[in-house]
Amino acid sequence: QVQLVESGGGLVQAGGSLSLSCAASGRTASSNNMGWFRQAPGKEREFVSAITSDGSTYYADSVKGRFTISRDNAKNTVYLQMNSLKPEDTAVYYCAATRYIFGGSYYASRQYDYWGQGTQVTVSS
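Explanation requested: the packing of aromatic side chains in the structure shown.
Centre-to-centre distance and the angle between the planes together describe a pair of aromatic rings. Scanning the entire structure with this criterion turns up eight aromatic pairs. Residues Phe37 and Trp115 carry aromatic rings whose centres are separated by 5.2 Å and whose planes lie at 55 degrees to one another, so their mutual orientation is tilted. In this pair, Phe37 is assigned in strand β4 (residues 33-39) and Trp115 in strand β10 (residues 114-115), connecting sequence segments 78 residues apart. Residue classification places Trp115 among the partly exposed residues on the basis of a relative accessible area of 28%. An aromatic cluster of at least three residues, connected via ring pairs, comprises Phe37, Phe47, Tyr58, Tyr106, Tyr107, Tyr112 and Trp115.

Structure follows, in structure tokens:
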């Protein structure tokens, strides 16, 4: 069992930055593949970024070049640095974890077994 707790959301103006954190606890937390997803009102949950247990990173095209995912295994924490934020980035951001990724589908929410409660990110224009 892995427990995930996100923090760092808030309100920011367009062009600003926010840093999200996801603290993982439980057995083998540091060996999990980790992902960030987001869900805006009235929309489906969508992939944002992922980092594998060996440090490979992946990004959605919409955030590539603006967001950076990283992990600190000693602290069992994954980070999402978000720069040049846009109003369309407004959503609830969720951290997710899974021990295994099948078929390279790191972008598929169904791959992830554990989810945090989410943190709200609001970008004003």
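Back to the write-up after that little detour.
Just to check I follow, could you spell out the state of the cysteines for this structure?
Here, the word disulfide means a covalent bond between the sulfur atoms of two cysteines. Per the counting criterion, the structure on display carries one disulfide. A sulfur-sulfur distance of 2.0 Å marks the disulfide that ties Cys22 to Cys95. Across the S-S bond linking Cys22 and Cys95, the dihedral sits near -80 degrees, which makes this disulfide left-handed. Of the two residues, Cys22 is situated in strand β3 (residues 18-26) and Cys95 in strand β9 (residues 91-98); the sequence distance between them amounts to 73 residues. With relative accessibility at 0%, the residue Cys22 sits in the buried group.

How should the sheet that holds strand β1 (residues 2-7) be read in this particular structure?
Each strand in a sheet pairs with its neighbour through backbone hydrogen bonds, running either in the same direction (parallel) or in the opposite one (antiparallel). Taken together, four strands build an open sheet; the order of strands is β1-β3-β8-β7 and the sheet is antiparallel. Among the strands making up the open sheet, the edge pair consists of β1 and β7 (67-72). Within the sheet, the average angular offset between the axes of one strand and its neighbour, ignoring direction, is 15 degrees.

Help me out: how do you make sense of the pairing of strand β5 (residues 46-51) in this one?
Every other side chain in a regular strand lies on the same face of the sheet, so the side chains alternate between the two faces. With five of six residues buried, β5 lies mostly within the body of the structure. Where β4 and β5 come together, five bridges link them in antiparallel fashion. When the bridges of β5 are listed, Arg38 appears paired with Glu46. Where β4 hands over to β5, the hairpin turn is made up of six residues, of which Gly42 adopts a positive phi near 75 degrees. Where β5 lies against strand β6 (residues 57-59), three bridges are found, and the strand directions are antiparallel.

Rules used in this analysis
- Residues numbered from 1 in each chain as written.
- Predicted model: local features only at pLDDT ≥ 70, side-chain atom pairs only at ≥ 80, totals over all residues.
- Heavy atoms only, no water.
- Phe/Tyr/Trp six-rings, centres within 6.5 Å; stacked < 30°, edge-to-face > 60°.
- Helix = DSSP H or I, 4+ residues; strand = E, 2+ residues; numbered from the N terminus.
- Buried < 20%, exposed > 50% of the residue type's maximum accessible area, 1.4 Å probe, protein only.
- Disulfide = S-S within 2.5 Å.
- Pairing = 2+ DSSP bridges.
- Axes fitted to C-alpha atoms, helices over the stretch in contact; angles between N-to-C directions.

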